[in-house]
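Here's the letter readout for the chains.
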Amino acid sequence: HRAVLKLGVCLVRQHKYDDAIIFLRQGVNRFPNQPELLINLAGVLIEKQRTDEAKPIIERLTMMEQDGLIVDSSIRGQVINLASILARRYSKEP
């Protein structure tokens, strides 16, 4: 999953967001329990204002964190940050 993650991040850095979304979705389908892939996919979706698509991914990450499946504090921090961003985006919607 590391190679998939690196290429996805590379696409994001090149501002090829749509390609990154497609690639990261394929990665998530292949490695469904890898939080790094889920985090990056949710982040790109938020960046592209596709919060309705990002929301279930962030909810899944939150459940994984609550179930103790995410133990790395850096990854847990990223999940909390994404949830906070999502909450702010939803609070701004009419």
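The shown structure was predicted, so the numbers you read here are calculated from the model rather than taken from an experiment.

Q: Which parts of the structure should I look at to understand helix α3 (residues 35–47)?
A: Owing to its 3.6 residues per turn, the α-helix brings residues three or four apart onto one side. Here α3 spans 18 Å end to end across 13 residues, near enough to the 18 Å set by a 1.5 Å rise per residue. Within α3, ten of the 13 residues are buried, leaving the element largely enclosed by the surrounding structure. For α3, the full list of buried residues reads P35, E36, L37, L38, I39, L41, A42, V44, L45 and I46. Against the buried residues of α3 lie α1 (2–13), α2 (17–30), α4 (51–66) and α5 (73–92).

Q: Help me out: how do you make sense of the side chain of E36 in this one?
A: Among the structural elements, E36 can be located in helix α3. When residues no more than four places from it in sequence are discounted, the contact partners of E36 are H1, R2, L5 and I75.

Q: Even after reading the chapter, I still don't get α2, so can you show me in this structure?
A: The end-to-end C-alpha distance of α2, which contains 14 residues, comes to 20 Å, matching closely the 20 Å that a straight helix rising 1.5 Å per residue would cover. Here α2 has its buried residues at Y17, A20, I21, L24, G27 and V28. Across the axial projection of α2, the buried residues extend over an arc of 130°, all falling on one side. Opposite its buried face, α2 presents the exposed residues N29 and R30, each directed more than 90 degrees away. In this fold, the buried residues of α2 make contact with α1, α3 and α4.

Q: Honestly, the environment of K48 in this entry has me stumped. Any pointers?
A: If you trace the backbone, K48 turns up in the loop between α3 and α4. On the basis of relative accessible area, K48 is assigned to the partly exposed category, the value being 33%. Setting aside residues up to four positions removed in sequence, K48 forms contacts with Y17, D18 and I21.

Q: Help me understand the packing of α3 against α5, please; the structure alone is not making it clear to me.
A: Two numbers describe a pair of packed helices, the interaxial angle and the distance between the axes. For the pair α3 and α5, interaxial distance at closest approach is 11 Å and the crossing angle is 25°. Here α3 lies roughly parallel to α5, going by the angle between them. In the packing of α3 onto α5, the handedness of the crossing is left-handed. Every residue of α5 that contacts α3 at P35, E36, I39, A42, G43 and I46 is listed here: I75, Q78, V79, L82, I85 and R89. Class assignment of the residues belonging to the contact of α3 with α5 gives a composition of eight nonpolar, two polar and two charged.

Rules used throughout
- Residues numbered from 1 in each chain as written.
- Predicted model: local features only at pLDDT ≥ 70, side-chain atom pairs only at ≥ 80, totals over all residues.
- Heavy atoms only, no water.
- Helix = DSSP H or I, 4+ residues; strand = E, 2+ residues; numbered from the N terminus.
- Expected span 1.5 Å × (residues − 1).
- Buried < 20%, exposed > 50% of the residue type's maximum accessible area, 1.4 Å probe, protein only.
- Contact = heavy atoms within 4.5 Å.
- Arc of directions from axis to C-beta.
- Axes fitted to C-alpha atoms, helices over the stretch in contact; angles between N-to-C directions.
- Parallel < 35°, antiparallel > 145°, perpendicular 65-115°, else oblique.
- Left-handed = near helix turned anticlockwise from the far one by under 90°.
- Nonpolar A, V, L, I, M, F, W, Y, C, P; charged D, E, K, R; others polar.

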